[in-house]
Amino acid sequence: MVRIEPSKRHPLFLSMQTPNTLTDQLSIQIDQLLQRLAAAEEGCAQLHQLNQALAQERDGLVQRLNEARERVDALLTRLPELHNVLEGK
């Protein structure tokens, strides 16, 4: 990949270029931008997949929490009965 020096991007320098040289430089910059776009799109896709995986994991954890909460609530409901049994009532 060819990197264009900042001084060569100056508008006065670009206006002094021949059309072919300017076209070549613009072509190189466009190629670089397309490569950066492709890398950004790939990164975005990876982040999307990670987000989906984390959402599924979260949903599973929420489900487990709700199940545990139901079991605790059932035990709390039975607590007075167990207390009476232990006291012999």
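Look above for the structure.
Note that the structure is predicted; figures quoted are calculated from it, not measured.

Cut-offs used in this document
Residues numbered from 1 in each chain as written. Predicted model: local features only at pLDDT ≥ 70, side-chain atom pairs only at ≥ 80, totals over all residues. Heavy atoms only, no water. Helix = DSSP H or I, 4+ residues; strand = E, 2+ residues; numbered from the N terminus. Areas by Shrake-Rupley, 256 points an atom, 1.4 Å probe, with all protein chains shown as cover. Expected span 1.5 Å × (residues − 1). Bend = angle between axes of the 7 residues up to and from the residue. Salt bridge = Lys/Arg side-chain N within 4 Å of Asp/Glu carboxyl O. Patch = residues over 30% accessible without salt bridge, like charges linked within 9 Å, V, L, I, M, F, W, Y side chains within 5 Å.

A. Molecular detail of the overall build of the protein. What the protein contains, in helices and strands, is two helices and zero strands. About 8000 Å² of surface is accessible on the protein, with carbon and sulfur atoms providing 60% of the total.

B. Structural detail: helix 2 (residues 19-87). When the terminal C-alpha atoms of helix 2 are compared, their 99 Å separation across 69 residues agrees well with the 102 Å that a helix rising 1.5 Å per residue should span. In the structure, helix 2 departs most strongly from a straight axis at Leu79, where the bend amounts to approximately 40° and where the proline Pro80 lies between one and four residues downstream.

C. Seen up close, the pattern of salt bridges. Taken as a whole, this structure holds one salt bridge when the rule is applied. Put simply, Arg58 and Asp59 hold a salt bridge, and the shortest N to O gap is 3.0 Å.

D. Structural view of a nonpolar patch on the surface. Together, Leu26, Ile30, Leu34 and Leu37 make up a nonpolar patch on the protein surface, roughly 360 Å² of accessible area in all. Along the chain, Leu34 falls in helix 2.

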